[in-house]
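Geometric and topological summary
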Amino acid sequence: MKDMLKIGGQEVNSRLFLGTGKFSSNKLIPEVVKASGAQVVTVALRRVDLEYEEENIAAYVPKDCILMPNTSGARNALEAVRIARLARAAGCGNWVKIEVITDNRYLLPDNYETLKATEILAGEGFVVLPYMSPDLMTAKKLAEAGAAAVMPLGAPIGSNRGLKTRELVRILIEEVSVPIIVDAGIGRPSEAAEAMEMGAAAVLVNTAIATAGDPVIMGRAFGLAVEAGRIAYLAEPGQTAEYARASSPLTGFLRE
Amino acid sequence: MIVHVNGKPVNVPEKLTIEGLIRQRDLDPDTVVVEYNLAMVKRSDLAGIVIKENDRLEILRFVGGG
């Protein structure tokens, strides 16, 4: 019996969500999708540069992927809502990652504006996945507002610092009714596995894969790590202890 | 006549449709997202809207992002 992730009423094949920024070549993207098994893929929306010919990233995302536009660039709820509506009008489905940021140094999201945007967009039938700073009350309100999942950061975007926010993420996983997807800061497959072992529903990884020496192989590593972490979580890891507890019997020793 | 495209004023001929403007710039209408005077435009409507003086157009596209 397969343990399927369900978001917004849809079954998703993989608990690894993939970001498409920072790749040295867009041609790597379909290869990484294949190697990693990722199904949900994020993209951003930007003005076309009318002077220069540029590539259309949607052409590199395999057809059976779920495209999730982010609202990056939005500085407040209204800008996020505007971007989300435009992205949906483009005909790529109704998933949206809400990303509202005015902090230019750490790129930490604005939880308050994110909540406002979530309320509006969930009301318009979007499948809303808000990117947020792990605060329990905000997470609960996002769930109440209709978010399909909540996406707390592990560490600042692109920092590869891992699960710096692990204590708070653990609390969100325990207390919030919707899936918790760790998004941002995951730098290595082991960190993705750790998030999954804690009970995260999924992880979103971009920089760690896109800027690896070999993104395709790293994508594979992340896919395996996410699967291992999830299975480990389901297998219920044993207790930790203060002192040693011998693994081999303490009787019948061969000795004088 | 002057219209505003991506925040910049440009001179375009009369009776130009949004799809016409897009194709004029060597863009494929299937690869762009259009906002017309702050309203979203579905791809299927691009050929049917004629641009007027001082209209504001945003022509966007999906790019890599996390």
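Check the entry above for the structure.
Residues numbered from 1 in each chain as written. Chains lettered and ligands numbered in written order. Predicted model: local features only at pLDDT ≥ 70, side-chain atom pairs only at ≥ 80, totals over all residues. Heavy atoms only, no water.

1. Here we look at the packing of aromatic side chains
According to the stated counting rule, one finds zero aromatic pairs over all chains in the structure shown. Looking at K97 of chain A, its charged tip hangs above the ring of Y131 of chain A, at a distance of 5.1 Å from the centre. (Phe/Tyr/Trp six-rings, centres within 6.5 Å; stacked < 30°, edge-to-face > 60°. Lys NZ or Arg CZ within 6 Å of the ring centre and 35° of its normal.)

2. A short note on the side chain of T207 of chain A
Residues and elements named next belong to chain A. Counting through the fold element by element, T207 comes out in helix α7 (residues 207-210). Note on T207: relative accessible area 11%, which makes it buried. With residues near it in sequence (within four places) discarded, T207 still touches K22, G158, N160 and A212. (Helix = DSSP H or I, 4+ residues; strand = E, 2+ residues; numbered from the N terminus. Buried < 20%, exposed > 50% of the residue type's maximum accessible area, 1.4 Å probe, protein only. Contact = heavy atoms within 4.5 Å.)

3. Details of the pairing of strand β6 (residues 95-98) of chain A
All names here are of chain A. Alternating positions in β6 separate into two faces, W95 and K97 on one and V96 and I98 on the other, with burial throughout. Pairing of β6 with strand β7 (residues 127-132), which is carried by four bridges, proceeds in the parallel orientation. Following the sheet pairing, V96 is matched in β7 by V128. Following the chain from β6 across helix α3 (residues 111-123) to the adjacent parallel β7, one finds a crossover that is right-handed. (Pairing = 2+ DSSP bridges. Right-handed = clockwise from strand over helix to strand, strands pointing away.)

4. Side note on the packing of helix α1 (residues 28-36) of chain A against helix α8 (residues 215-234) of chain A
All names here are of chain A. Between α1 and α8, the shortest axis-to-axis distance is 7 Å and the interhelical angle comes to 30°. In terms of their interaxial angle, α1 and α8 are classed as roughly parallel. Crossing angle aside, the handedness with which α1 passes α8 is right-handed. On the side of α1, the interface is formed by L28, E31, V32, A35 and S36, while α8 contributes P215, V216, G219, R220 and G223. (Axes fitted to C-alpha atoms, helices over the stretch in contact; angles between N-to-C directions. Parallel < 35°, antiparallel > 145°, perpendicular 65-115°, else oblique. Left-handed = near helix turned anticlockwise from the far one by under 90°.)

5. Side note on the sheet that holds β6 of chain A
Pairing is parallel across the open sheet formed by three strands, whose spatial order is β6-β7-β8 (chain A). The outermost strands of the open sheet, each flanked by one partner alone, are β6 and β8 (151-152) of chain A.

6. Details of the interface of chain B and chain A
Chain B puts 24 residues into the contact, and the matching count from chain A is 28 residues. Interface area, chain B with chain A, both sides summed: about 2,300 Å², of which 61% is carbon and sulfur. Among the residues chain B hides against chain A, the three largest losses belong to R61, F62 and G66 of chain B. Together they make up 34% of the total. In this structure, the connection of chain B to chain A is made through two salt bridges. Where chain B meets chain A, there are 15 residue pairs in polar contact (both at pLDDT 80 or more). Secondary structure elements with two or more residues in the side of chain B that touches chain A: β3 (33-36), β4 (39-41) and β5 (56-64) of chain B. Considered class by class, the residues forming the side of chain B that touches chain A number 12 nonpolar, six polar and six charged. Bridge count for strand β4 (residues 40-47) of chain A against β5 of chain B is five bridges, and the pairing is antiparallel. The residue bridging V43 of chain A from the neighbouring strand is G64 of chain B, located in β5 of chain B. (Buried area = accessible area lost by both parts, 1.4 Å probe. Salt bridge = Lys/Arg side-chain N within 4 Å of Asp/Glu carboxyl O. Polar contact = N/O pair within 3.5 Å; in protein donor to acceptor, adjacent residues only side chain to side chain. Nonpolar A, V, L, I, M, F, W, Y, C, P; charged D, E, K, R; others polar.)

Geometric values such as these leave the question of function open.
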